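In case you want the letters, here they are:
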Amino acid sequence: MSAQLKNRWSVNHNYLGGICASEWWSLLRANHFAVDPAYWHRAAFITLTSLMNSALRRNERRRYDQAIEAVDIQPPLFILGHWRSGTTLLHYLLAQDSEQFAFPNTYQVINPFTFLTSEERNTRRFAWLVPKTRPMDNMALSFQTPQEDEFAPCLMTLRSLYLGISFPRREDYYARYLTFRGVPQAEIDAWKNALRWFLKKLTLKYNRPLLLKSPPHTARVRLLLEMFPDARFVHIHRNPYTVFQSFRHYFDTALWYTYLQRPDLAGIDAGILRRYTLLYDAFFEERQLIPPGQLHEVCFEDLERAPVQEIGRLYDRLGLPGFANFKPKLQAYVDSLAGYRKNEFNELAPSLRAQIARAWRRSFEEWGYSTQ
């Protein structure tokens, strides 16, 4: 059986490497210390790093807590969209506008307690822990590349559906943190406070509006507007069949680095269908709360075909300044991607295509994708 566990011995590329000892102990206790023997070495590595992180955390609190508390967060720009819909490409493109935006990078989101004091040193010492490209799509990856902010409040509060990947036997429990609907208000407030604290730290470091990307935020528009009523949003969509294929590939590549329990491989397809439906049911209901002029829709296929033009349209629709000055830098980055090759997938079985078309019917209709 162990031979079927991909990347079993790997301890790198695991977001739990940034957790602190008290949170790690709480997470283990909540899951009844049920780490499967195949992953004991991975848990041991996380335990070691958690002790190191805790020492660094105490130092950072002493040095920065007062300054962080005084920070005001400027209205962020949130990138929304289901996993594998092009959110990362859009994030990377917009992140080139370093005059206007700052973004959380890979190191910061997995070290939310300590990055103000540890980033410069540890990104040199532990660069070997991060692969040069993302395992699911070969896009560039390093400690410095833009990354999902979801990981930060996840490690700070232990309230994230991502923990259901590490502990798949409790996936249903952690899934409630996708939308936070039905979650006690105290837990919602704790998550909000953690996200706000993390964004304050980033603002202290960069003093610019933040460009934030996290697929789970697509299902949390109401919560984000409660925190940042002046925030802007850009939502990106992609052919649902391609999203399904790519997300299935994601489970078969990137997620093998994070398991602490053996995954239920037979349930992956059903989980993808269910998660997509939950996410977009919430998005379609809550997007109407976004004030006029603060939401723009992007089609991945259009962005892929004409990225500079589509980003220009985004700037215009959201009232973002400075595109004329940004355009040459953006074009240079787009030119640098000329040799990139996307993943190719086998055709879906007709019965599965029909199942996807039924389950995700509203998305096909909303964005004009054919179910044939």
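This report concerns the structure included in the present document. (Residues numbered from 1 in each chain as written. Predicted model: local features only at pLDDT ≥ 70, side-chain atom pairs only at ≥ 80, totals over all residues. Heavy atoms only, no water.)

**Re the overall build of the protein chain**
(1) Moving on: Looking only at helices and strands, the protein chain has 17 helices and four strands in total.
(2) Moving on: Scaling as 2.2 N^0.38, a compact globule of 372 residues should have a C-alpha radius of gyration of about 21 Å, and the protein chain matches this with 20 Å.
(3) Moving on: Partitioning the intrachain contacts of the protein chain with sequence separation of at least 6 by distance along the chain shows that 82% fall at a separation of at least 24.
(4) Moving on: Here the protein chain has roughly 16,600 Å² of accessible surface; of this, 52% comes from carbon and sulfur atoms.
(5) Moving on: Averaging the positions of the 47 positive and the 37 negative side-chain charges in the protein chain gives two centres separated by 5 Å. (Helix = DSSP H or I, 4+ residues; strand = E, 2+ residues; numbered from the N terminus. Rg over C-alpha atoms; globule rule 2.2 N^0.38 Å. Contact = heavy atoms within 4.5 Å. Areas by Shrake-Rupley, 256 points an atom, 1.4 Å probe, with all protein chains shown as cover. Lys, Arg positive; Asp, Glu negative; His and termini not counted. Charge placed at Lys NZ, Arg CZ, Asp CG, Glu CD.)

**Some details on the pattern of salt bridges**
(1) Moving on: Applying the stated rule across the entire model yields 21 salt bridges.
(2) Moving on: In this structure, Lys205 and Glu119 form a salt bridge, with 3.8 Å as the shortest nitrogen-oxygen distance. Taken together, the residues span a long stretch of sequence, with Lys205 in helix α9 (residues 185-206) and Glu119 in helix α5 (residues 115-125) at a distance of 86 residues.
(3) Moving on: Assessed through its relative accessible area of 39%, Lys205 is described here as partly exposed.
(4) Moving on: Note on Glu119: relative accessible area 11%, which makes it buried.
(5) Moving on: Close ionic contact of Glu366 with Arg287 constitutes a salt bridge, the shortest N to O distance being 2.6 Å. Here Glu366, found in helix α17 (residues 361-367), pairs with Arg287, found in the loop between α12 (268-286) and β4 (295-299); they are 79 residues apart in sequence, far enough to count as distant. (Salt bridge = Lys/Arg side-chain N within 4 Å of Asp/Glu carboxyl O. Buried < 20%, exposed > 50% of the residue type's maximum accessible area, 1.4 Å probe, protein only.)

**A few points about the environment of Met139**
(1) Moving on: Mapped onto the elements, Met139 comes out in the loop between α5 and α6 (151-157).
(2) Moving on: Looking at Met139, the relative accessible area reads 12%, which means it is buried.
(3) Moving on: In this structure the C-alpha to C-alpha distance between Met139 and Leu224, which are 85 residues apart in sequence, comes to 28 Å.

**Focus: the pairing of strand β3 (residues 232-237)**
(1) Moving on: Burial within β3 is extensive, with five of its six residues counted as buried.
(2) Moving on: When strand β1 (residues 77-80) meets β3, the two strands line up parallel, connected through four bridges. Each bridged residue has a counterpart across the sheet, and for Leu80 the counterpart in β3 is His235.
(3) Moving on: Where β3 meets β4, five bridges bridge the pair, whose relative direction is parallel. Looking across to β4, one finds that Phe233 is bridged to Leu295. (Pairing = 2+ DSSP bridges.)

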